[in-house]
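Each chain, written out:
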Amino acid sequence: MILVVWGAATVGFFSLRLIPGDPVNVLVGLGNVSQRVRDQIRADWGLVDPLLLQYFHYLGRLLQGDLGTSYRMQQPVVAVIGQQLAPTMQLMGLAIAFAVLLAVGSALLGRGRRTGPMAGLLELVAVSSPTFWIGLVLIGVFGFGLGWFPVVATAGFGALVLPAVTLAIPVAGILSQVLRQGLDDAAALPFVDTVRARGASQTRLVLRHTLRHAAANSVTLTGYIVGSLLGGSVLVETVFARPGLGRVALNAIVNRDVPVVLGIIVLAAVSFSLVNLLVDFVADRLDPRLATEQAYA
Amino acid sequence: MSILAAARSRTARTRRVTRIPTPALWVAAGFLLLLLLSALFPRLFTGTDPVRTDIGAALLAPGPGHPFGTDQAGRDVFARVIYGSRYSLVIGFGATLIALLAGLVIGSLAGLMRRVGDGVLSRAIEIVMAFPEFLLALIVIAIIGPGEASLLIAVAIAVIPSYARVARVQTLVVKRAGYVEAARTLGVPPAVTVLRHVVPNTLGPLLVMATMGIGTAITAAAGLSFLGLGPKPPTPEWGLILSEGRNFLATAWWIAVFPGLVITATVVSTSVLGRHLQASAAGRQR
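These notes cover the structure that comes with them. (Residues numbered from 1 in each chain as written. Chains lettered and ligands numbered in written order. Predicted model: local features only at pLDDT ≥ 70, side-chain atom pairs only at ≥ 80, totals over all residues. Heavy atoms only, no water.)

Looking now at the side chain of Arg80 of chain B. Residues and elements named next belong to chain B. By the element assignment, Arg80 lies in helix 3 (residues 77-112). A relative accessible area of 0% places Arg80 in the buried class. Ignoring sequence-local partners within four residues, the contact set of Arg80 consists of Pro50, Val51, Asp71, Arg75, Pro234, Thr235, Pro236, Ile241 and Glu244. (Helix = DSSP H or I, 4+ residues; strand = E, 2+ residues; numbered from the N terminus. Buried < 20%, exposed > 50% of the residue type's maximum accessible area, 1.4 Å probe, protein only. Contact = heavy atoms within 4.5 Å.)

Right, here's the structure in full:
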């Protein structure tokens, strides 16, 4: 985990130095300032030090949880990210909930001979549609057309529904594919006959047994899913004009606000590592065989 | 028949490779062919100039003369979508080709090298793969700046690690195959063995991946240009048309709906084709 964060910070630090142009231009904005002031700014921000020294300074501060100061907003990057973390987390949380609901629903309904190909087609379209387009269509239909949900970002739950559904649809497509395959595979395992022999109903068999088997497979996808939610939030927040991390990232990239971009990179690496730790933990709980395999490996 | 045998035969039945129905295959291939034609010869499909404005005909609903309607400046949306296919296909094919080649080189190098070299490359691939592809593309744009060429490069770099990973695994498998062993025993120089036996056999799975990858690359590029990081208006690029349509959702749904439909159809078609290739490759192995 440390390796991933360190590697990401290092590659990010050096590759962002390749950005052409003077960071002082970003710092002073459009204002016209004299060379003396520029030199002063450069010295204040530690931009005159040798590159390696700057790098070690950055790593040292990173260890203390300090991501530096934004060029544009003149406040600590940790504060900039912290302020916008909540809206994005709410969005992602609700999106995951919707995605799981949709995926379980479509996987359970799409098991028949006739419904299977239908579910397959829906999954394919869900996975293939561009996120931002789904958002636009949802705004058009449910926002302007039917007037069920607010069109602009306001406080409250109502404004969160459409963005979360937008973000959830592609994820639900992938999840449903994996769940359906998992259910199919589990239905062919010997334990199914044992459970049937005990007199359990079809419903109980699926809900208590095969679904659990299928879920163990899909949990390993979590890392990928969180990643795609993080990437998708940039688009969804733009489509719905919502505040959040995605917007912070986009603005930092457009304005070449290097410390903020680097902060987002570090955040992505940290969350990837945390999610993977969590996935290993949950997978062991869902499928005890994994834990013993590792113990004997 | 014992319970286990029954279970096994059932496993064998469910484990079949999902085949793509033939009509779906033809529709997908036909759509991609039309797309290719529209990118090469847009005049075959429309006589209208995609950037000519006509305020008198602004925001017209789809109808005769304007099958996809017109936008806020009276430009024909159908003509813009047709001309836009060139940008999307160039970026989709270009980015995928670059990623495929770079991934092949990096992955086979990692697979062929001894412990330390493989370790370093694998770790590097792992670290980069920690980033969602779209975020990676955004970061690349932050470094090289926005624009059409940047779009292509950013999308390519974002997907290189996935290709490299598959190429590495495939190389490790092929390296131990009998025919490589035989070539070595016969005294064929290592470089020749790699070029004539290892690389061609690694390429198969990568090509299947690339077929599906073209669709992903097109979506990613459209997303980036939707965010304003690609070509500048009034370029008829799919993502850009969508972002202009965003402001007219209440009055003119057609500006945003049709380009999105075309993108979705493109991605669905490349996936169908890719899955078919995958299924027939799996069939050949058995």
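Still more ground to cover, so stick around.
Let's shift gears to the packing of aromatic side chains. All names here are of chain A. Under the defined criterion, the tally for this structure stands at 10 aromatic pairs over all chains. Ring centres of Phe13 and Phe14 lie 5.2 Å apart, and the angle between their planes is 85 degrees; on these two criteria the pair is classed as edge-to-face. Using a relative accessible area of 3% as the deciding quantity, one classes Phe13 as buried. Owing to a relative accessible area of 30%, Phe14 belongs among the partly exposed residues under this scheme. (Phe/Tyr/Trp six-rings, centres within 6.5 Å; stacked < 30°, edge-to-face > 60°.)

It is worth spelling out the pattern of salt bridges at this point. For the structure shown, the criterion picks out 6 salt bridges over all chains. Glu123 of chain A is the partner of Arg180 of chain A in a salt bridge, and the nearest nitrogen-oxygen pair spans 2.9 Å. A residue pair is termed long-range when its members are at least 10 positions apart, and Arg180 of chain A in helix 8 (residues 158-187) and Glu123 of chain A in helix 6 (residues 115-128) qualify at 57 residues. Measuring nitrogen to oxygen at the nearest pair gives 3.8 Å for the salt bridge that ties Glu244 of chain B to Arg75 of chain B. You can see Glu244 of chain B sitting in helix 9 (residues 238-245) and its partner Arg75 of chain B sitting in the loop between helix 2 (22-40) and helix 3, a full 169 residues away along the chain. Pair check on accessibility: Glu244 of chain B and Arg75 of chain B agree, each one buried. Several salt bridges converge on common partners, so that one network encompasses Arg75, Arg80 and Glu244 of chain B. (Salt bridge = Lys/Arg side-chain N within 4 Å of Asp/Glu carboxyl O.)

With that out of the way, let us pick up the interface of chain A and chain B. In this complex, chain A contributes 46 residues to the contact, which on the side of chain B involves 43 residues. Together chain A and chain B conceal approximately 3,800 Å² of surface at their shared face, both sides included; 76% is due to carbon and sulfur atoms. Remark: the boundary between chain A and chain B carries 0 salt bridges. Counting every contact that joins chain A to chain B gives 4 residue pairs in polar contact (both at pLDDT 80 or more). Mapped onto the side of chain A that touches chain B, the elements with two or more residues apiece are helix 1 (2-16), helix 6, helix 7 (131-145), helix 8, helix 11 (222-239), helix 12 (245-255) and helix 13 (258-286) of chain A. (Buried area = accessible area lost by both parts, 1.4 Å probe. Polar contact = N/O pair within 3.5 Å; in protein donor to acceptor, adjacent residues only side chain to side chain.)

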